[in-house]
Amino acid sequence: MTQTEVETTTTDEATGAAALGSAWQAPASDSAASGALARSKWLHVFSVLAVCLVWPLIWVGGMVTTMDAGMAVPDWPGTYGYNLFLYPLSTWVSGPFDLFIEHGHRLLASVVGMVAIVMFAVAIKGEPRRWVIALSGLVLAMVIGQGVLGGVRVLLSDRSSAMIHGCVGPIVFVLCCLCASVTRRSWWDRKGFDGQSNPPQGVGKLALGFAIAFLCFAYLQLVLGAQVRHVQPLTSTKMFTHLVVTHVAVAAGLLAAAPVLLTLTRRCGDLTLSRLGVGLIMFVTLQVLLGVSTWVVKYGWPEILSSLPLGEGYLVKSKGFFESMVVTAHVAVGSLILANAALIVMQCYRQNWLAAGDQSVQRSPSGVAPETA
Amino acid sequence: MRLVQHSIIGYDFTMNRIHFLRPIGGLMAWAAVLMSGCDAPVEQYPPNAVHALVVHHRTDLPTEAAAQEVTQLIDQWFGTPLEPHWPAELLSGQAAKGLVDQDRLLRAPGSFYSDQDNLHYGLYTEHCVRCHGVNGGGNGAASALQNPYPRDFRAGIFKWKSTQRSARPTKDDLRRLMVHGAPGTSMPSFSRLSDDDLDVLVDYVIYLSVRGELERWLLYGAVEEIGYGDEPVEDPFRFGLVSIDNATGDRASEAALYAAEHLKRIVDQWGQSAEVAVPGASSDPASGSSVDADSVARGKELFHGQVANCAGCHGVDGVGGVNIVDYDDWSKEYSTRLGITPTDRQALEPFEALGALRPRLALPRELAGGYAHGGADAVTLYRRITQGIAGTPMPAVMLSETPSATALTPDQVWDLVHYVESLLETK
Ligand code: HEM
Ligand code: HEM
């Protein structure tokens, strides 16, 4: 099958769709083949593990930034001359908090690195889908890249690279989530129309475009947030004000767009999509609350909210524990939103793909693709 | 075999299936462009360009040459953010020489990092710069979104202190402010910092303030007194030729002597601040015992009375609501005092382009159920009432030993204090 043929399936052209349709039907109708080509369970296990490690890693990294502890360990890849793993436990644990989290971030990142290596190895060994192997390879590459970026940030003592590091971290998380999602049993088992239940429906161009736009704006929002967060000493007041205003405006946009996205994507009736859509609304709502709280704990009660009596006499506490947690939660939930939006986009594609395959099945009278019949 | 192959492809989205990743790639590239090249270390303190323009407006004379020369002198004497310097060589007396500790100074500006002993460097960059700005001008990146604006240290005017209205705060005052913050403003509490770190920051605030105040004086002096025009003046009066070595002794030029004298005066104001504490503030007659209701009632009367007329600004019963259009001294400097209406956006534009913040109304605090920004204990309130609040429209009441039509006695002020205490919320 050539690239062009596959491309056409997304535009629902008969030939391409027929070709794909036949393809996805094949294993379902041949138990021997599907047995040999089982999804890689281990890849799923390790992807889920990666997801469960990278999100905390983002918390810890966010904590490093929130506490301005990025330069608590001046060297890299070592820690104060020690090999990363040989840095004395007692000095680490009993040392200053800044050193504790910075070194901890590095340790956790190395664990993630190892998990990513295992993921890739397992994928090569047992995963039948080439693009999934490629995805796990991408995860590994991004994890390594992110680690190096972290090191560069330390060696150059450079806040711009800290900002880029902060913008790439969430992408690593997103990729891990995608990998975990496409290796799920339900993803593997759902093969579209089986000839009995309702045929799967695509989501339509509008929904797909909307989902992609949402994803892009969610990332734009993250980049804007990173600029606000990593403000430089000589950043002008105008620039900062613009960034904050844009960040808040995009937040309002995302908050309004999330329910629309749910409405558009749920039309196809796919439960996964509906669930993801509801999750997205919840995360974005939470994020807006966290964003406002972040502003309050860092810059005090804003004037626009002065009509609310709550904040009068509010005292900003620099690097208080609760305050740091609020700010870092805002960072971490940003990644969740991005991942959630990416999953929706991917699920939309998959839904369209299933639907496209399904049409060809409906076209063939037996409900089974010609080749296997 | 054919089947198997189909199966693989069947589950294979092929790479085009993840082409939704492409927008992310595009955005990343875009982000990289946006972020590149904005992290050069700060090598120079930005000059006080707003003040140069203010001087220009006040004198109608060109200030460019003067500004350039003054910047050279200031950089010579005070160093750069990479290597700040306390010009102890030019000062006499231990108090003045030791007002700012050179070693501490080095730990304030520059990029921040910390070591295994938790000794922090770049403390000012880490904690303060986003609000107070590199040169302490109060116009850091985040400043425009705050009310009140962060303090511009360069004018030498401070609100929350134990000293008289026009005096500098003591080191203890600055330290207390940093530990407690200013509730109700964005000025944070830095109670997590070690004593050592606080000392560094206190010294650095003083350093920035002295540096900034000297810069302001010299700018004005160069144009108004020394006669800088389009060109720098001739040698003995040239600031640009003054270094730290030729500023004292026989070799000192006129310009050096002029600048050193101003430096000495400014530093002395800081050194002597403890000597100008607010008189009578340490003896609250009610301290220890509970405040009696009579005193509060008398205070209430005074609050609304002719002499103090606090209600004229703070509203009947301190609930606010009085419509007063007034601004603080920092923004009056480039507006009303130059004959510019603070709301005249067009006239202010040249100042804003140079980093001045848009003037904001200095509103009297709502005292009833409100919070004091600068501390709400009785002694502090006594100071506020007898001194007013520097830099703001809040006036001082006149004091006299006997009751009169224009002044209050200390006991009456304490009555007022007790009444204000009863109004304020305490946290
Ligand atoms: C997969 C690996 C990694 C991930 C996903 C990751 C993620 C993150 C995230 C999300 C942040 C917070 C950024 C922000 O809040 O704006 C961060 C900060 C940081 N990370 Fe990593 N990180 C990884 C590996 C590393 C490594 C290996 C180092 C080694 C030195 C490192 C050093 C840092 C530093 C110094 C910061 C603080 C940056 C600052 O000062 O703002 N990271 N990381
Ligand atoms: C959908 C809504 C929002 C999303 C997805 C979002 C996302 C983010 C992210 C990801 C960051 C951190 C960037 C980094 O990793 O360095 C951030 C920072 C920030 N956001 Fe938001 N945000 C949202 C809404 C808001 C709102 C409504 C506010 C309210 C003012 C806000 C205020 C901030 C602030 C002040 C920061 C900087 C935090 C710091 O200085 O440490 N955000 N935002």
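For every chain, the first residue of the written sequence is number 1, and numbering continues from 1 along that sequence. As a convention, the first chain written is A and the first ligand written is 1, with the rest following in written order. Two thresholds apply to this predicted model, a pLDDT of at least 70 for residue-level local features and 80 or more for giving and counting side-chain atom pairs, whereas whole-chain, interface and lining totals are computed over all residues. Values reported for side chains reflect all heavy atoms of the structure, with hydrogen atoms and water molecules removed beforehand.

Time to look at the overall build of chain A. Across its full length, chain A carries 13 helices and zero strands. Tracing chain A from N to C terminus, the helices and strands come up as α-α-α-α-α-α-α-α-α-α-α-α-α. Two residues form a contact once any of their heavy atoms are found within 4.5 Å. Sequence separation of 24 or more characterises 79% of the internal contacts of chain A that already satisfy a separation of 6 or more. When the accessible surface of chain A is totalled, it reaches about 15,800 Å², and 70% of it is carbon and sulfur. Strands here mean DSSP runs of E at least two residues long; helices mean DSSP runs of H or I at least four residues long; both are numbered from the N terminus. Values of accessible area rely on a 1.4 Å probe in the Shrake-Rupley scheme; residue burial ignores everything except the protein chains shown.

The next thing to look at is the domain arrangement of chain B. Residue and element names in this part refer to chain B. Here the bounds of each domain stem from an automatic or database domain assignment. Split into domains, chain B comes out as domain 1 (9-271) and domain 2 (281-326 + 361-425). Counting residues at the interface gives 14 residues for domain 1, matched by 15 residues for domain 2. Regarding the contact of domain 1 and domain 2, the summed buried area is about 1,200 Å², with carbon and sulfur atoms giving 55% of it. Contact with domain 2 buries surface across domain 1, with Lys159, Trp160 and Arg165 losing the most and accounting together for 55% of the total. The salt bridge definition used is simple: a Lys or Arg side-chain nitrogen within 4 Å of an Asp or Glu carboxyl oxygen. Where domain 1 touches domain 2, the interface holds zero salt bridges. In protein, a polar contact means a hydrogen-donor-capable atom and an acceptor-capable atom, both N or O and within 3.5 Å, with residues adjacent in sequence counting only if both atoms are side-chain atoms; elsewhere, any N or O pair within 3.5 Å suffices. Where domain 1 packs against domain 2, one counts five residue pairs in polar contact (both at pLDDT 80 or more). Charged residues are taken to be Asp, Glu, Lys and Arg, nonpolar residues to be Ala, Val, Leu, Ile, Met, Phe, Trp, Tyr, Cys and Pro, and polar residues to be all remaining types, Gly included. For the side of domain 1 that touches domain 2, the class distribution of residues is five nonpolar, six polar and three charged. Once two parts are joined, some of their accessible surface, as seen by a 1.4 Å probe, is lost; buried area is that loss totalled over both.

All names here are of chain A. Arg229, His247, Gln287, Lys298 and His330 are the nearest of the 25 residues found near ligand 2. His247 is positioned such that a nitrogen or oxygen atom in its side chain is 2.8 Å from a nitrogen atom of ligand 2. Measuring from a nitrogen atom of ligand 2, one finds a side-chain N or O atom of His330 at 2.7 Å. Elements that contribute at least two residues to the shell around ligand 2 include exactly helix H10 (204-229), helix H11 (237-266), helix H12 (271-299) and helix H13 (321-363). Element by element, the count of residues in the shell around ligand 2 is highest for H12, at eight residues. Each residue belonging to the shell around ligand 2 can be placed in one class, and the counts come to 13 nonpolar, ten polar and two charged. If even one non-hydrogen atom of a residue comes within 4 Å of a molecule or strand, that residue is called near it.

We define a nonpolar core as any set of buried Ala, Val, Leu, Ile, Met, Phe, Trp, Tyr and Cys residues linked to one another through side-chain atoms lying within 4.5 Å. Each residue gets one of three labels from its accessible area relative to the maximum for its type: buried under 20%, exposed over 50%, partly exposed in between, using a 1.4 Å probe on protein chains only. If you look at the biggest cluster of nonpolar residues, it comprises 88 residues, and the most contacted ones within it are Phe173, Leu178, Phe214, Phe240 and Ile344 of chain A. Of all the elements in the fold, those that place two or more residues in this core are helix H4 (41-66), helix H6 (97-126), helix H7 (130-156), helix H8 (159-182), H10, H11, H12 and H13 of chain A. Examining the composition of this core, we find that 16 residues originate from one element, H13 of chain A, more than from any other. Judged by nonpolar contacts, the second largest core, of 64 residues, contains Tyr45, Val200, Val223 and Ile389 of chain B.

Our focus in this paragraph is the UniProt feature "domain: Cytochrome c" (unreviewed entry) in chain B. Residue and element names in this part refer to chain B. UniProt positions are given in the numbering used here, feature names are shortened, and annotations may be inferred rather than shown by experiment. The positions that UniProt labels "domain: Cytochrome c" (unreviewed entry) are, in the present scheme, residues 105-209 and 294-424. Across residues 105-209 one finds 33% helix and 4% strand; the C-alpha atoms that close the span lie 13 Å apart. Overall, residues 294-424 shows 40% helix and 0% strand. The separation of its end C-alpha atoms is 18 Å.

The subject of this paragraph is the side chain of Ser110 of chain A. Counting through the fold element by element, Ser110 of chain A comes out in helix H6. Contacts of Ser110 of chain A, omitting those with residues within four sequence positions, involve Leu84 and Phe85 of chain A.

Let's shift gears to the UniProt feature "transmembrane region" (unreviewed entry) in chain A. Residues and elements named next belong to chain A. The sites that carry the UniProt feature "transmembrane region" (unreviewed entry) are, in the present numbering, residues 42-61, 107-124, 131-156, 162-182, 203-224, 244-264, 276-301 and 321-345. As annotated, residues 162-182 has a helix share of 100% and a strand share of 0%, and its two end C-alpha atoms lie 31 Å apart. From the first C-alpha to the last, residues 244-264 spans 30 Å; its make-up is 100% helix and 0% strand.

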